[in-house]
Amino acid sequence: VAGRPSRLRQPEVLQAPPQRLELYGHNLTDAVFSMKADREEWAKTLGYVRLGLGDHVEDIQTRPVGGGSITMDLELTGGRRLSASTLSDGELAYLAFVALARSPAERSLLAFDEPDLHIHPGLLVRVVQLLETSSLRQPVLLATHSGELLDSLADPASSVLVCELQLPERRTILRQLDAQQLANWLGDYRGVGHLRSEGYLSHVLQHDRG
């Protein structure tokens with residue numbers, strides 16, 4: 001909602017190590033605090049943070065602010081710091097995706113509706129890479145209209161289902177991509193999103209699955 005301060009920018013009450021990231025990442029600072037306990041794994045997590053936010057990020061620090069609450073700062077080269085309250089929605093969202101991808105918690109499914117919201121197209125590529133890495137541990141389901149996201153997929157032929165509304169029955173049809181046809185078209189187009197925006201998506205679809 002416009003004008004509403006994000007809870008990601010507010011101090012959090014420190015609790016027991018979280019089993020998972022809450023809806024909208026509201027316990028992100030708590031999750032970061034817990035992940036820093038394993039120094040070796042935290043070094044790997046910082047590598048993912050730098051891939052998206054830049055090599056000038058030295059660390060993420062958590063600090064007490066009173067009343068049992070903690071807040072989060074980015075520690076930058078040259079001794080500079082940026083508090084969570086000054087970060088953009090996209091930067092905070094990216095940190096939440098890193099926390100999800102690096103969390104040791106076991107899940108049966110990760111599902112996102114339009115994960116591209118608030119994410120710069122250049123940063124979205126990193127988010128897709130994080131989610132594809134997460135899919136090696138558990139299924140990841142994305143619903144999106146983003147051409148940039150579709151163009152970022154490593155193997156769209158095996159991972160994309162196109163949803164079509166069949167009229168007048170109003171029946172949803174799921175269609176897979178034809179791997180051979182897609183390979184033929186990708187010599188001239190960036191990816192599935194580019195094909196769709198140019199009006200050629202139907203040329204790389206398989207027959208109806210019903």
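Residues numbered from 1 in each chain as written. Predicted model: local features only at pLDDT ≥ 70, side-chain atom pairs only at ≥ 80, totals over all residues. Heavy atoms only, no water.

1. Some details on unusual backbone geometry
Of the consecutive residues Leu 167 and Pro 168, the connecting peptide bond is found in the cis state with omega at 5 degrees. Along the chain, Pro 168 falls in the loop between strand E7 (161-166) and strand E8 (171-176). For Glu 114, which is not glycine, the phi torsion reads 55 degrees and is therefore positive. In this model, Arg 170 sits at a positive phi of 55 degrees, which is unusual for a non-glycine residue. The residue Arg 170 is located in the loop between E7 and E8 in this model. Assessed through its relative accessible area of 60%, Arg 170 is described here as exposed. (Helix = DSSP H or I, 4+ residues; strand = E, 2+ residues; numbered from the N terminus. Buried < 20%, exposed > 50% of the residue type's maximum accessible area, 1.4 Å probe, protein only.)

2. Some remarks on the side chain of Asp 73
Within the fold, Asp 73 resides in strand E3 (residues 69-76). Only 2.5 Å separates the side chain of Asp 73 from the side chain of Arg 63, close enough to count as a polar contact. Those residues in contact with Asp 73 that lie beyond four places of it in its chain are Asp 59, Ile 60, Gln 61, Arg 63, Arg 81, Leu 82, Ser 83 and Ala 84. (Polar contact = N/O pair within 3.5 Å; in protein donor to acceptor, adjacent residues only side chain to side chain. Contact = heavy atoms within 4.5 Å.)

3. Examining the packing of helix H2 (residues 39-53) against helix H4 (residues 121-134)
It is at 9 Å that the axes of H2 and H4 come closest, and there the two elements cross at 150 degrees. Of the possible angle classes, the one that applies to H2 and H4 is roughly antiparallel. In this structure, H2 uses Tyr 48, Leu 51 and Gly 52 to contact H4, whose residues at the interface are Leu 123, Arg 126, Leu 130 and Thr 133. Here the residues of the contact of H2 with H4 are counted per class, giving four nonpolar, two polar and one charged. (Axes fitted to C-alpha atoms, helices over the stretch in contact; angles between N-to-C directions. Parallel < 35°, antiparallel > 145°, perpendicular 65-115°, else oblique. Nonpolar A, V, L, I, M, F, W, Y, C, P; charged D, E, K, R; others polar.)

4. Topic: helix H3 (residues 89-102)
Between its first and last C-alpha, H3 extends 20 Å over 14 residues, near the 20 Å set by a 1.5 Å rise per residue. Regarding H3, the residues found buried are Gly 90, Leu 92, Ala 93, Tyr 94, Leu 95, Ala 96, Phe 97, Val 98, Ala 99, Leu 100, Ala 101 and Arg 102. The inward-facing, buried residues of H3 contact helix H1 (28-35), H2, strand E2 (57-66), E3, strand E5 (110-113) and H4. (Expected span 1.5 Å × (residues − 1).)

5. A few points about the environment of Ser 34
Turning to its location among the elements, Ser 34 is positioned in helix H1. Contact partners of Ser 34, with chain neighbours within four places excluded, come to Pro 17 and Pro 18.

6. What about the packing of aromatic side chains?
Between two aromatic rings, the relevant description is the distance of the centres plus the angle of the planes. Throughout the structure, instances matching the rule amount to four aromatic pairs. A centroid spacing of 5.9 Å and a plane angle of 40 degrees characterise the contact between Trp 185 and Tyr 189, whose relative ring orientation is tilted. The residues Trp 185 and Tyr 189 share a single accessibility class, namely buried. (Phe/Tyr/Trp six-rings, centres within 6.5 Å; stacked < 30°, edge-to-face > 60°.)

7. Describing the nonpolar core
Membership of the largest hydrophobic core comes to 49 residues, with the highest contact counts inside it found for Ile 60, Leu 74, Leu 95 and Leu 177. When residues no more than four places from it in sequence are discounted, the contact partners of Leu 95 are Leu 28, Val 49, Leu 53, Ile 60, Met 72, Leu 74 and Leu 87. (Core = buried A, V, L, I, M, F, W, Y, C linked by side-chain atoms within 4.5 Å.)

8. Here we look at the packing of H3 against H4
One way to put it is that H3 packs onto H4 with a least axis distance of 9 Å and a crossing angle of 15 degrees. Between H3 and H4, the crossing angle belongs to the class labelled roughly parallel. Remark: the crossing between H3 and H4 carries left-handed chirality. Counted together, Gly 90, Tyr 94, Phe 97, Val 98 and Ala 101 of H3 and Leu 123, Arg 126, Val 127, Leu 130, Leu 131 and Ser 134 of H4 form the full contact between these two elements. Looking at side-chain class alone, the contact of H3 with H4 contains eight nonpolar, two polar and one charged residues. (Left-handed = near helix turned anticlockwise from the far one by under 90°.)

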